[in-house]
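Descriptive structure summary
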Amino acid sequence: MTNKKKLIWQLPFLVLLVVGTILIVRQQQNMPYQHNKGFVFGTIYNVTYQSDKDLNEEILAALNQVDASLSMFNEQSTISKINRNEPVKPDNTFIEVFELAKKISEETGGAFDITVAPLVNAWGFGFKEGQMPDNKAVDSLLSIVGFQKIELKGGNIVKQDPRIMLDCSAIAKGYGCDRVAKLLRSRDIKNFMIEIGGEVVTSGISEKRLPWKIGVTKPTDDSLSVEQELQTVLNVTDKAMATSGNYRNFYYKDGKKYAHTIDPKTGRPVQHNILSATVLASNCATADAYATSFMVLGLDEARKVLEKHPELMVYFIYSDKNGQNAVWFSPSMKDKIVE
């Protein structure tokens, strides 16, 4: 009899719980998805998120903070002032990215190196055009390249040589995605997709109530980005994804093709067999930096690094010994491949 009485008393609470849950789910399903688009870091950003408020102003403010710290195209940014050896106290954004960059430099044996800026400029890919450097010029520039030649000491950047310059372009877009993701999570937004120049962070589900799916473009010589044929589609829900490839960013001179990725060790554009490196990680800055590193390392060396970092998922498109496109992906990536 006592148990029956307990059950009778509990029933209204159970009904309220069920009804409340249904109402919350229905409210969430009816909540619209916002679509924000704009220009930042010299590229386009797209942010889709489920919210009853348009947060584009806050998103742009967050991205502008990153730009004010890391953009080489912004003359007043922290990194520009450091490159000009002007007195400047590095902000928290710069410090966070600098320390992550240094860590990944160590993990990749210097394949990722933000001191590569002088070489990038010399080869004509940076913020100023340069003549094609000869061997003597490259060797001279190599003397001021190397992540070991710069450190953060007492909250200040200390260079071994004042000519050392920094370039965070291979990590800034990923970090920008992470910054926007942090903002959206702070507003209790569970479902979103952030994309800045091809780097992506996702959470939850899309408007179609499905996991987020992102395509990996088939590598073809397409510097104008006209071709958009997909190699594969990945399920990247609750992950960050970055892709690096030389097939879109290159130029020809005297009949020779020069890729945009510079090997910090040789001082020259990479000549390895990876055409496209896609990396999934817990945050986009890490994915971004490792994607660049793997382009520099080539397939065999990249796989050695991955043995020490099972948390990273990768999808490589490379040129095999017959010059044909082939694919290699980490075993953990298998479940992410949709088609």
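Keep in mind it's a predicted model, so treat the numbers as computed, not measured.

1. Some details on the overall build of the chain
Secondary structure summary: the chain contains 9 helices and 14 strands in total. Here the chain, with 339 residues, has 49% of them falling under the buried criterion. Restricting the contact set of the chain to residue pairs at least 6 apart, pairs at least 24 apart contribute 59%. Accessible surface, the chain as shown: approximately 17900 Å² in total, 53% of it carbon and sulfur.

2. Observations regarding the environment of Ile317
Structurally, the position occupied by Ile317 is in strand 13 (residues 313–319). Under the relative-accessibility criterion, Ile317 is labelled buried at 0%.

3. Things to note about the packing of helix 4 (residues 92–107) against helix 8 (residues 284–297)
Two elements in contact, helix 4 and helix 8, have axes whose closest approach is 11 Å; the angle formed by their N-to-C orientations is 35 degrees. With respect to the hand of their crossing, helix 4 and helix 8 are arranged in right-handed fashion. Along the contact surface, helix 4 presents Leu100, Ile104 and Glu107, while helix 8 presents Ala285, Thr286, Ala289, Tyr290 and Ser293. A per-class count over the contact of helix 4 with helix 8 returns 5 nonpolar, 2 polar and 1 charged.

4. Observations concerning the side chain of Arg179
By the secondary structure assignment, Arg179 is in helix 7 (residues 169–186). The buried charged residue Arg179 lacks any salt bridge partner; its closest oppositely charged side chain belongs to Glu96, at an N-O distance of 5.2 Å. A distance of 2.9 Å separates the side chain of Arg179 from the side chain of Gln65, its partner in a polar contact. The residues contacting Arg179, other than those within four sequence positions of it, are Ala62, Gln65, Val66 and Thr93.

5. Section: helix 9 (residues 299–308)
Listed as buried for helix 9 are Leu299, Ala302, Val305 and Leu306. Down the axis of helix 9, the smallest arc covering the buried residues is 120 degrees, so these residues share one side. For helix 9, the exposed residues lying more than 90 degrees away from the buried face are Asp300, Glu307 and Lys308. Those residues of helix 9 that are buried are in contact with helix 4, strand 12 (274–281), helix 8, strand 13 and strand 14 (325–329).

6. Regarding helix 2 (residues 56–70)
Between its terminal C-alpha atoms helix 2 stretches 21 Å, which fits the 21 Å expected from 15 residues at 1.5 Å a residue. Turning to helix 2, its buried residues are Ile59, Ala62, Leu63, Val66, Asp67, Ser69 and Leu70. Tucked inside the fold, the buried residues of helix 2 contact strand 1 (33–40), strand 2 (43–50), helix 3 (78–83), helix 4, helix 7 and strand 5 (192–196).

7. Considerations on the pairing of strand 4 (residues 156–159)
Covered by surrounding structure in strand 4 are Ile157 and Lys159 only, the residues Asn156 and Val158 on the alternate face being uncovered. Here strand 3 (residues 150–153) pairs with strand 4 via 4 bridges, running antiparallel. If you follow Ile150 over to strand 4, its bridge partner there is Lys159. Linking two consecutive strands that pair antiparallel, namely strand 3 and strand 4, is a turn of 2 residues; a positive phi of about 60 degrees is found at Gly154 within it.

8. So, the packing of helix 2 against helix 4
Between helix 2 and helix 4, the shortest axis-to-axis distance is 8 Å and the interhelical angle comes to 70 degrees. The orientation of helix 2 relative to helix 4 falls into the category roughly perpendicular. Considering the relative orientation of helix 2 and helix 4, their crossing is right-handed. Of helix 4, the residues touching helix 2 (which contributes Val66, Ser69 and Leu70) are Thr93, Phe94 and Val97.

9. A few points about the environment of Asp320
With respect to the secondary-structure elements, Asp320 resides in the loop between strand 13 and strand 14. What makes Asp320 partly exposed here is its relative accessible area of 25%. In the structure, Asp320 is positioned 46 residues away from Ile274 in sequence and 9.1 Å away in space, judged by C-alpha atoms. Among the polar contacts made by the side chain of Asp320, one reaches the main-chain amide nitrogen of Asn322 at a distance of 2.9 Å.

Cut-offs applied
Residues numbered from 1 in each chain as written. Predicted model: local features only at pLDDT ≥ 70, side-chain atom pairs only at ≥ 80, totals over all residues. Heavy atoms only, no water. Helix = DSSP H or I, 4+ residues; strand = E, 2+ residues; numbered from the N terminus. Buried < 20%, exposed > 50% of the residue type's maximum accessible area, 1.4 Å probe, protein only. Contact = heavy atoms within 4.5 Å. Areas by Shrake-Rupley, 256 points an atom, 1.4 Å probe, with all protein chains shown as cover. Axes fitted to C-alpha atoms, helices over the stretch in contact; angles between N-to-C directions. Left-handed = near helix turned anticlockwise from the far one by under 90°. Nonpolar A, V, L, I, M, F, W, Y, C, P; charged D, E, K, R; others polar. Lys, Arg positive; Asp, Glu negative; His and termini not counted. Salt bridge = Lys/Arg side-chain N within 4 Å of Asp/Glu carboxyl O. Polar contact = N/O pair within 3.5 Å; in protein donor to acceptor, adjacent residues only side chain to side chain. Arc of directions from axis to C-beta. Expected span 1.5 Å × (residues − 1). Pairing = 2+ DSSP bridges. Parallel < 35°, antiparallel > 145°, perpendicular 65-115°, else oblique.

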